[in-house]
Amino acid sequence: MFPNDSLKYWFKGKGHWSNVSDKDWLDWRWQMKNRIKTADGFSSFLNLSKDEKDGLKFAENRLSVAVTPYFFNLMDPSDSNCPIRKQVIPVGNESVYKPEEVWDPVGEESDMPVPSIVHRYPDRVLFLVTDRCASYCRYCTRSRLVSNAQGYGFHPKIEAGLDYIKQNSSIRDVLISGGDPLLLSDEKIGGILSSLSKIEHVEFIRIGTRVPVFLPQRITSSLLNVFSKSANLWLSLHVNHPDECTLLLKETTHKLAKAGIPLGNQSVLLKGINDNIDIMKSLIHRLLIMKVKPYYLYQCDLIKGSSHLRTDVQVGIDIIKGLRGHTSGYAIPQFVIDSPNGGGKIPVSPNYTTFERDGSIVLENYAGQNYTYPSINNSAASFIE
Ligand SMILES: *Cc1c(COP(=O)(O)O)cnc(C)c1O
């Protein structure tokens, strides 16, 4: 159970879909078929604000709109400021493009040796295996290709990607992403994992997925079976707000952990959604209860039409400062900026240290008190006589 919670986090039921059979509700394909995608669809369950109606008018040309019934139930139908709503229902500001915003905010296109591979770091690659997601996050970094709303025409080249990895013996780590890899069939996922496992130099495989959050029904016993055959597989989830931590998600992460899959989480810092210490603390505590290690907190990328969701970098630094020392070290993610123009992920941290002229270092602890750690060269030794 999650401590100190209102009823919401206990949510396990069918909500607006109480007339649907349990069998359908727990069937991930039923959830996918019944996603809410239009203003009319949303309006049958909640009152759209004018801003949301405006957003829904043109969003389809930027990034598809789709919300699974399961995730839809986590929204507050009477509050358009609901942190769940703001992640998946577009608003008018999506059509506002700032000069610093681009379609490829982290410069992936220039690091793609073959169409499905982004090879930026010496020992690891990003392997894009699909352009589909269970629901679409409005701040998506890969809006240019995900959902094909802009006609990018992304066709994952799985065989070519596997060949590239096979031929480059420096690659020891493969991050499978997209789109969401867990929307592929069990056979396809199993095929990719077993092909990678056969490559001797690949020692670590991760899948980046938000499916457990949008569509926990997808984590079936047969998928768990596929996963458990892969000795070196980890999962990176994407949970942004404590309201996403439902009992069903917790059961799902516990099943994954039991199948031997270590779990990490990547959150995006989002304005009006999770940009304060209390919400972030509640999120990371729940993640620990769910056996998930908070891995990264991302500064929101400079994707076109996302300025209404971005905060200043300082907000993230202050949040980390408000967490470090105040709660379990295990709960604290690394705050990073995935830098514009392809510089990769760069850590951004509060400053706890001042170097003195004599080489010693003054350290500030979480409570604001100072401590000095001396330079190794600068202390006069005393000898036992
Ligand atoms: C994020 C990312 C990785 C993985 O980076 P880690 O810091 O190891 O999690 C690898 N390749 C690309 C292109 C990435 O964007």
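Refer to the structure printed above.
What this report covers is the structure whose coordinates are included nearby.

The rules behind the values
- Residues numbered from 1 in each chain as written.
- Predicted model: local features only at pLDDT ≥ 70, side-chain atom pairs only at ≥ 80, totals over all residues.
- Heavy atoms only, no water.
- Near = heavy atom within 4 Å.
- Polar contact = N/O pair within 3.5 Å; in protein donor to acceptor, adjacent residues only side chain to side chain.
- Helix = DSSP H or I, 4+ residues; strand = E, 2+ residues; numbered from the N terminus.
- Nonpolar A, V, L, I, M, F, W, Y, C, P; charged D, E, K, R; others polar.
- Pairing = 2+ DSSP bridges.
- Axes fitted to C-alpha atoms, helices over the stretch in contact; angles between N-to-C directions.
- Contact = heavy atoms within 4.5 Å.

### Regarding the site of the ligand
Taken together, V118, Y121, R124, L126, L175, R206, Y295, Y296 and K345 make up the full set of residues near the ligand. A distance of 2.7 Å is found between an oxygen atom of the ligand and a side-chain nitrogen or oxygen belonging to R206. Here an oxygen atom of the ligand and a side-chain polar atom of Y296 are 2.6 Å apart. Elements with a contribution of two residues or more to the shell around the ligand: β1 (117-121), β2 (124-128) and β7 (293-298). Broken down by class, the residue content of the shell around the ligand amounts to six nonpolar, no polar and three charged.

### Quick look at the pairing of strand β9 (residues 344-347)
Bridge count for strand β8 (residues 334-339) against β9 is four bridges, and the pairing is antiparallel. In the strand pairing of β9, I337 is matched with I346.

### A word on unusual backbone geometry
Excluding glycine, residues mostly carry a negative phi; peptide bonds, for their part, are mostly trans. Across the junction of G178 and G179, the peptide omega takes the value 20 degrees, indicating a cis bond. Along the chain, the position of G179 falls in the loop between β3 (173-177) and α8 (186-197). For S147, which is not glycine, the phi dihedral falls at a positive 75 degrees. Here S147 shows up in the loop between β2 and α7 (158-167). With a phi angle near 70 degrees, K291 is a residue other than glycine that sits in the positive phi range.

### Brief notes about the sheet that holds strand β10 (residues 353-355)
Here three strands make up an open sheet; going across it, the order is β10-β11-β12 and the pairing antiparallel. Each edge of the sheet is formed by a strand with only one pairing partner; in this case those strands are β10 and β12 (370-373). Taken over all neighbouring pairs, the strand axes of this sheet differ in orientation by 25 degrees on average, direction set aside. Across four bridges, strand β11 (residues 361-364) lies against β12 in antiparallel orientation. Bridge pairing links L363 to Y371 in β12.

### Topic: the sheet that holds strand β5 (residues 233-237)
Overall, mixed pairing links the nine strands, which are arranged β1-β2-β3-β4-β5-β6-β7-β8-β9 in an open sheet. Edge positions in the open sheet fall to β1 and β9, since each of these has one partner strand only. When the angles between neighbouring strand axes are averaged without regard to direction, this sheet yields 25 degrees. Summarising the sheet, β7 and β8 pair through three bridges and their orientation is parallel. Each bridged residue has a counterpart across the sheet, and for Y296 the counterpart in β8 is Q334. Contacting β6 (263-268) and β7, helix α12 (residues 277-289) runs over the sheet at an angle of about 145 degrees to β7.

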